[in-house]
Amino acid sequence: MLVTDRITGGGLMALGAAAAWFGSRLPAVPGQDVGPAAFPMVIGFGLMGCGALIALGIGQSFEPPEEAEEGPKPRLGASGVLIPPALLLFYALASEPLGFLLTAAIMVLVAGLALGSRLAIAIPVAVVAPLLVHLAFYKLLRVPLPEGLIPAPW
Amino acid sequence: MEPLLEGFRLVMATDVLIAIFASAVYGLVVGSLPGLSATMATALLVPVTFWLSPIAAIATIITASAMAIFSGDIPGALLRIPGTPASAAYTDEAYAMTRKGQAELALGAGLWFSAIGGIVGTISLMLLAPALAEVALSFSTYEYFWLALLGLMCATLVARSSPIKAIASMLLGLLIACIGMENPAGTPRFTFGIPDLLGGIEPIPALVGVFAVSEVMRAMASAEPPKLPKRKFGSILANQWGLTKKYQWPMWRGNFVGIIIGVLPGAGADMAAWVSYAMSKKFSKEPEKFGTGHPEGLVEAGASNNASLASGWVPSLLFGIPGDTITAIAIGVLYMKGLNPGPTLFTERASSMYALYIIFILANLIMIPLGIIMIRLASTVLRAPRSAVMPVILLLCAVGSFATGNNLFAVLLVGVFGILGFVMEKNGYPVAALVLGIVMGSMLEQNFVTSLIKSDGDVLPFFERPVSSFLAALSISALLWPLAAWIWMRVSRSRRRVAG
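Not measured: the values here are computed from a predicted model.

All names here are of chain B. By the secondary structure assignment, serine 32 is in helix α2 (residues 14–32). Classification of serine 32 as buried rests on a relative accessible area of 1%. Side-chain polar atoms of serine 32 contact the backbone oxygen of valine 29, separated by 2.8 Å.

Given below as structure tokens:
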């Protein structure tokens, strides 16, 4: 997601202003001059300054020129980049009701197919990888992973 | 002598030796896969270290990072795709050697000089850190504040992008570190009523998100790299002794530069490799051969990036200020395991320090046999389809971040940081500066607020002590440098225009 420096700089200015404003509203510590507000306010003003400089294009000359991407284009185009965070959201929501093995298998299968894997490779990976990860984390490291609909064989 | 023997005993424990071996294999495999950096390899290991003894935990971080920095050279030499950014400086050179039929020589040089660099870097760590610890013991919160700020500023100065964007990234990291109740006043800040944010944002989900998830996102948006043809390698180390004798001086210069860059807070192995490769070309008797498959730059830069890895632990162990992103992760592990960084670590936990040195040496020694096996297996490992590796990495990101606190909120955080890291990288904002901001935020604030309370809100004591004023001058120069450089460029450009 490439956006102009004007937009990112403006966003940083807004974020800095919000940080400084919310920071200034934090309650002071009785009997002390310096409270929890000091640090966020300094950062807020710093971000506003940096945001302004970026929006004005200052410092751009230090950046290396953008390299043109070579080779064939990915099959899902630019929208494919949202699949990994979406799958993490899916994991957070589904791992309790569905269980680790099923959730992880769906996650690996979808990510594999999105990356252009053939079903002949994607399915075995989606079956074996969750089992190995479960074995490593649940049995060896004692991380409590949810059983859900399909419990692990161990 | 007693702490040294105790150090040996700690390292020779079965769990530590298994941890070293397993993390060596892991580091070699992950580092050799294009796109998976040494930092990412280390970040994914952190959840595993929760269940290990303190020495085994530190051993996994040291070994995996050293191996990954070396094995990043393998796809660089064979495919012209650097496995880790630290190999990028000399990838073209190594690939040119492969095309000349000298793949064994290029890969062997990467391995041999990485191991030498790692050992020399460790010796510097052994000599420098205890000597500096004496000085560090006299530091007050003022010096620590400036040192932390200087570390952050160094990180922004060495970033290969606009310094203003790097400073903005660092400030964003510091703002993220403000979230939660972990501030000197214990007041909830920027939690927006979300109970999960009361404990603050741990560096681990942030690290895993910006380094690993964003890499999977990048893989989704780019085409699969070319496959490596199957081939058999000849002797890997056959001509390395000859190279060592011939390029003795560049090798030592690479080691020295690597150590200096490693000790600077914020500058890591990537920077060491770039600087050393450039220096090698500059001082070479045959600069015209560079880029055509000439091993001199490989010798110097290969030694440099591994030397910087060990010396990067100097500021981390002494002050808790990371030398690079890998030591930023290591600091988290040190705190988690009760080995709180600071000068007292050298006096109160001397045996642990010796254990750490021994692990460094051991990791660099086993790098040679394991590295040879890895090079021989490269044509098999590098043929692993990215569409099979990346989904497993994504799964490890989810489970690993969940394991940090048995909390699904961390998985969501990893996703959010993945998006943030991806967008930042795309727009020229360095993510390493963001991570250093998150890691060092609470330390910087703690020292800032404590110093202000001590001085009754007066800023003058920040500049009164000699070391403090020196560090302040360095930090402020680093802060103002981008603006000064920009003004200088504008003035010289307008002068040229007038003259033209």
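For helix α18 (residues 350–381) of chain B, which comprises 32 residues, the first-to-last C-alpha distance of 40 Å sits more than 12% below the rise-based estimate of 46 Å (1.5 Å per residue). The principal kink in α18 of chain B, of about 40°, is found at isoleucine 368 of chain B, preceding the proline proline 369 of chain B by one to four residues.

A few words on a nonpolar patch on the surface. All names here are of chain A. Nonpolar side chains collect at one region of the surface, where Leu119, Ile123, Val127, Val128, Leu132, Leu135, Tyr138 and Trp154 lie side by side and expose about 710 Å² of accessible area between them. Here leucine 135 shows up in helix α5 (residues 119–140). Classification of leucine 135 by relative accessible area gives partly exposed; the value is 35%.

Let us look at the interface of chain A and chain B. Listed by partner, the interface residues are 71 residues for chain A and 71 residues for chain B. Summing both partners gives a buried area of about 6000 Å² for chain A against chain B, and 81% of it is carried by carbon and sulfur. Summed over the shared surface of chain A and chain B, the number is one salt bridge. Across the pair aspartate 5 of chain A and lysine 165 of chain B runs a salt bridge whose closest N-O atoms are separated by 2.8 Å. Those elements giving two or more residues to the side of chain A that touches chain B turn out to be α1 (5–24), α2 (38–55), α3 (83–98), α4 (100–114) and α5 of chain A. Residue composition of the side of chain A that touches chain B, grouped by class: 52 nonpolar, 13 polar and six charged.

Cut-offs applied
Residues numbered from 1 in each chain as written. Chains lettered and ligands numbered in written order. Predicted model: local features only at pLDDT ≥ 70, side-chain atom pairs only at ≥ 80, totals over all residues. Heavy atoms only, no water. Helix = DSSP H or I, 4+ residues; strand = E, 2+ residues; numbered from the N terminus. Buried < 20%, exposed > 50% of the residue type's maximum accessible area, 1.4 Å probe, protein only. Polar contact = N/O pair within 3.5 Å; in protein donor to acceptor, adjacent residues only side chain to side chain. Expected span 1.5 Å × (residues − 1). Bend = angle between axes of the 7 residues up to and from the residue. Patch = residues over 30% accessible without salt bridge, like charges linked within 9 Å, V, L, I, M, F, W, Y side chains within 5 Å. Areas by Shrake-Rupley, 256 points an atom, 1.4 Å probe, with all protein chains shown as cover. Salt bridge = Lys/Arg side-chain N within 4 Å of Asp/Glu carboxyl O. Contact = heavy atoms within 4.5 Å. Buried area = accessible area lost by both parts, 1.4 Å probe. Nonpolar A, V, L, I, M, F, W, Y, C, P; charged D, E, K, R; others polar.

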